[in-house]
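# Analysis of the macromolecular model
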Amino acid sequence: MATLSTTRVWRNCNLATMQAGDEPYGIVEDAALVVEGERIAWTGLRVELPERYASASHEGLAGRWITPGLIDCHTHLVYAGQRADEFEQRQQGRSYADIARAGGGILATVRATRGADEDSLLQGTLARLAALRREGVTTVEIKSGYGLDLATELRMLRVARNAAGTSGMHIVTTFLGAHALPEEYRGRADDYIDFVCDEVLPVVAHERLADAVDVFCENIGFGLQQTERVLAAARDHRLPVKLHAEQLSNMGGTALGARYGALSADHLEYLDVSGVEALARSGGVAVLLPGAFYFLRETQRPPVAALRENGVPIAIASDCNPGSSPFASMQLMLNMACVLFGLTPEEALAGATRNAAQALGLEAEVGTLAVGKRADFVVWNVEHPAQLAAQFGPNPCYRVVARGDTLI
Ligand code: DI6
Ligand code: FE
């Protein structure tokens, strides 16, 4: 039980609780929020603050807004090197897929990451996490997938795990061994899938280095049968699954993932109505990644109207990676999700809080301002939460609190 000495009252604030309901953004104006230890103990109108909190420490917020801590539910932010040369080539007309087929793309980052030691990987990772944290992110998912050999995949996942303590953020890890075919397996994709399922995943599972398993199901990634083998292996290890699906073509990965109870299907530009319906039936989240759409100058937009009509929860994430989305900014993603994909600011913010929590299976812990949830929240210098998606540049972040501790 938390005692009054660890109780803190945040008052003279407005809450965007992001709880689903009648009130847009779950707004409570002229509110207070009480934290006991690491948890939210009370939220409501300031005038209704229970007497028992009168003697706790108070911080007045002068009418600022509080939202749940932002959640970036899809990143590849452990990596070495950078790929500005490929951007140069793409601006001269070469395609992302062409560069990948010629051994660049993901494989360029694999070469750099295999050559990087744990400490230098950690430093790069912490710098990107700090950028996200400055803008209000408290929970981040990080994937492996730039190792594609046992030692480097394990190293990436360890770095991601270690980054949690130093950054003070909640880090969730995903094993993405099936991200690309490494050079040494060229022409032997099925053998590589054997290696991922039989030699890498068991170690990852045994060392508890991953919270979920992901596959890049795509014409430049892995086909449906190969994808299914990884999903089945994950199930054998009792790990939840998610997919990169329908990013560059419609392969049916989303429907396959739905059959395996995938937490989410991510990207989805080429998703068709039957895929949307499969996702709706399975209860999975649609994770949209506007940074990759923007940076690759895609023109096919994800089927937002069909997702809405079928009641599929929509999350947004940065996809932070050196090739297709070199952006460590959820504020930028909020804006891009609105301008590029047509989300409303409220949908975008729900996508970076409540629905992102669900995409990670963490909806009982984080994602809304609710009693009993982890005290992860952000205090913003804004006049209305819509401003978080409607502007970019002046960072309105005033405080970032994770597990009741002030990080910023
Ligand atoms: N899709 C993506 O957007 C990232 N991985 C994936 O499967 C891109 C990774 C990269 O280009 O390095
Ligand atoms: Fe990705």
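Computed from a prediction, not measured in an experiment: that's the story for all the values here.

Aromatic ring pairs are defined here through the distance separating the ring centres and the angle between the ring planes. In the structure shown here, the tally under the stated rule is 10 aromatic pairs. A ring pair is formed by Tyr-79 and Tyr-146, whose centres lie 6.4 Å apart and whose planes are at 80°; its orientation type is edge-to-face. Highlighted residues: Tyr-79 in the loop between strand 5 (70-72) and helix 1 (84-91) and Tyr-146 in the loop between strand 6 (137-143) and helix 5 (150-167), separated in sequence by 67 residues. Overall, the relative accessible area of 11% leaves Tyr-79 in the buried class. Site record: aromatic cluster; members linked through ring pairs are Phe-87, Tyr-294, Phe-295 and Phe-327. Here the guanidinium or amino end of Arg-128 rests over the ring plane of Tyr-79, the centre of that ring lying 3.6 Å away. Sitting over the ring of Tyr-398, Arg-399 keeps its end group 4.6 Å from the ring centre.

It is worth spelling out the confidence of the model for the chain at this point. Per-chain confidence: the chain averages 97 in pLDDT, with 99% of residues scoring 70 or above. The weakest mean pLDDT in the chain belongs to helix 2 (residues 96-101) at 92; the strongest belongs to strand 5 at 99.

Let us now look at the sheet that holds strand 2 (residues 27-36). Across the sheet, 7 strands lie side by side as 3-2-1-4-13-14-15; this open sheet has mixed pairing. Each edge of the sheet is formed by a strand with only one pairing partner; in this case those strands are strand 3 (39-45) and strand 15 (405-406). As paired strands, strand 14 (residues 397-402) and strand 15 are joined by 2 bridges and run antiparallel to one another. Within the sheet, the bridge partner assigned to Val-401 lies in strand 15 and is Thr-406.

What follows is about the side chain of Thr-227. Secondary-structure assignment places Thr-227 in helix 7 (residues 224-236). The residues touching Thr-227, leaving out its near neighbours within four places in the chain, are Val-215, Cys-217, Phe-222, Leu-243 and Leu-256.

Okay, the coordination of the iron ion (ligand 2) next. In the first shell of the iron ion (ligand 2), the protein supplies His-74 (NE2), His-76 (NE2), His-244 (NE2) and Asp-319 (OD), at 2.1 to 2.2 Å from the metal. Each of the 4 donor atoms around the iron ion (ligand 2) contributes to a set of angles spanning 83 to 169°, which defines the coordination as irregular. Mapped onto the polypeptide sequence, the residues donating to the iron ion (ligand 2) form the spacing pattern H-x1-H-x167-H-x74-D. In this pair, His-74 sits in the loop between strand 5 and helix 1 while His-244 sits in strand 9 (residues 241-245), placing the two residues 170 residues apart along the sequence. Using a relative accessible area of 0% as the deciding quantity, one classes His-74 as buried.

Procedures and definitions
- Residues numbered from 1 in each chain as written.
- Chains lettered and ligands numbered in written order.
- Predicted model: local features only at pLDDT ≥ 70, side-chain atom pairs only at ≥ 80, totals over all residues.
- Heavy atoms only, no water.
- Phe/Tyr/Trp six-rings, centres within 6.5 Å; stacked < 30°, edge-to-face > 60°.
- Helix = DSSP H or I, 4+ residues; strand = E, 2+ residues; numbered from the N terminus.
- Buried < 20%, exposed > 50% of the residue type's maximum accessible area, 1.4 Å probe, protein only.
- Lys NZ or Arg CZ within 6 Å of the ring centre and 35° of its normal.
- pLDDT = per-residue confidence, 0-100.
- Pairing = 2+ DSSP bridges.
- Contact = heavy atoms within 4.5 Å.
- Donors = N, O, S within 2.8 Å, 3.2 Å for Na, K, Ca; no water.
- Tetrahedral: all angles 85-135°; square planar, octahedral: opposite > 155°, others 65-115°.

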